Amino acid sequence: MAMLTVKEIKARKGKSPIVMVSAYDYVSAKVCAEAGVDIILVGDSLAMTLLGYDSTLPVTVEEMMVFVKAVRRGAPEGFVVADMPFMSYQESVESAVRNAGAFVKFAGASAVKVEGASDAVLSAIDRMVDAGIQVMGHIGLTPQSSVFSEGYRVKGRGIEEAKALIGQAKALEEAGVFAIVLECVPEPLGADIADAVDVPVIGIGAGRFCDGQVLVFSDIVGLYDRILPKFVRRYANGYEVVSSAVKRFVEEVRSGIFPGEENVYK
Ligand code: KIV
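Keep in mind that what you see is a predicted model, and the values were worked out from it rather than measured. (Residues numbered from 1 in each chain as written. Predicted model: local features only at pLDDT ≥ 70, side-chain atom pairs only at ≥ 80, totals over all residues. Heavy atoms only, no water.)

The next point concerns the domain arrangement of the chain. Assigned domains of the chain: these are domain 1 (6–235) and domain 2 (239–266). Distance from the C-alpha centre of domain 1 to the C-alpha centre of domain 2: 39 Å. (Domains from an automatic or database assignment.)

Let us look at the sheet that holds strand β8 (residues 212–216). Pairing is parallel around the closed barrel formed by eight strands, whose spatial order is β1-β2-β3-β4-β5-β6-β7-β8. Looking at each pair of strands side by side, their axes are set apart by 25° on average, direction ignored. Two elements, strand β3 (residues 79–83) and strand β4 (residues 111–113), share three bridges in a ladder whose sense is parallel. Counterpart to D83 in the pairing with β4 is K113. (Pairing = 2+ DSSP bridges. Helix = DSSP H or I, 4+ residues; strand = E, 2+ residues; numbered from the N terminus. Axes fitted to C-alpha atoms, helices over the stretch in contact; angles between N-to-C directions.)

Turning to the layout of surface pockets, a few remarks are in order. Considering only enclosed or pocket space, the largest pocket measures out at about 1,300 Å³ in volume. I204, G205, L215, F231 and V232 are, among the 47 residues lining the largest pocket, the residues nearest its centre. Looking at the lining of the largest pocket, the elements with two or more residues in it are β1 (18–22), α3 (46–49), β6 (179–183), β7 (201–204), β8 and α10 (217–220). For the lining of the largest pocket, the class distribution of residues is 25 nonpolar, ten polar and twelve charged. (1 Å grid on protein atoms, 1.4 Å probe; cavity = no way out; pocket = protein on both sides within 12 Å on 5 of 7 lines; lining within 4 Å. Points joined across faces, edges and corners; volume = space filled by probe spheres on them. Nonpolar A, V, L, I, M, F, W, Y, C, P; charged D, E, K, R; others polar.)

Here helix α8 (residues 159–175) crosses helix α9 (residues 187–196) at 30°, and the two axes come no closer than 9 Å. Taken together, α8 and α9 sit at an angle that is classed as roughly parallel. Helix-helix and strand crossings are classified by hand; for α8 and α9 the assignment is right-handed. For the pair α8 and α9, the contacting residues are A162, L165, I166, A169, K170 and E173 in the first and L189, D192, I193 and A196 in the second. (Parallel < 35°, antiparallel > 145°, perpendicular 65-115°, else oblique. Left-handed = near helix turned anticlockwise from the far one by under 90°. Contact = heavy atoms within 4.5 Å.)

Here the structure, examined in full by the defined rule, presents two aromatic pairs. With a centroid separation of 5.7 Å and an interplanar angle of 65°, the aromatic rings of F79 and F178 are classed as edge-to-face. Separated by 99 residues along the polypeptide, F79 in strand β3 and F178 in the loop between α8 and β6 bring together distant segments of the chain. Per residue, the accessibility class of F79 equals that of F178, and both read buried. Their ring planes at 65° and their centres at 5.7 Å tell us that F249 and F258 sit as a pair that is edge-to-face. Classification of F249 by relative accessible area gives partly exposed; the value is 47%. Given the relative accessible area of 34%, F258 is considered partly exposed. (Phe/Tyr/Trp six-rings, centres within 6.5 Å; stacked < 30°, edge-to-face > 60°. Buried < 20%, exposed > 50% of the residue type's maximum accessible area, 1.4 Å probe, protein only.)

Structure, rendered in structure tokens:
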């Protein structure tokens, strides 16, 4: 299947739901590609779900590069978005463009994602787009800035916060993003934000009326259980499956069942 283009992704708005999965390595990317996932996001959530940190903040550009390259190898024809880690785009417009460019040029990303819609972030988006880099926005709950300020909570419950989020979505569209991730807002606000902009709004905990949905791979397959938000649906208990396989290996080695006749060279 040929790689989706930004034009095709935008044309899906309001017509056919866009499916995005946050996945981080060769195998999960291959699984996503084979399942027909439209966009693979190499999310900085990997800092928590894969690397075991308490937040997304510690992961670096260098570390993210390794995962983006692995995902590209697992999904050679996939539309792969590299999540820009904390402090890779906030410091200056120049460093934002340089880091985003590295994800595209050296790791094979199709696009990058940044969190928030502050003036600094909007200027960075503007310059990245000007340089020919495709950018996805992310508003609502933005884990990089929320973790220490107010924790992970539903955003936009009050009228002022709701209006501010609609304004942020419009500002991101104006700055040139091709799609927006909207995280953890009440369903009616998710619908209003999707209506307020012409670019696709991909929800995670933003209700049923967005233009697409995203979940994290390890949540879908049940591999990460330290945090389980209401918006997650688990489609498998991967932790149990993996854990029982490893336990059986341990038992079989200890009891002499493994290796068997079929596993040895004659
Ligand atoms: O880091 C991530 O995986 C994300 C998604 C949850 C949207 O940003």
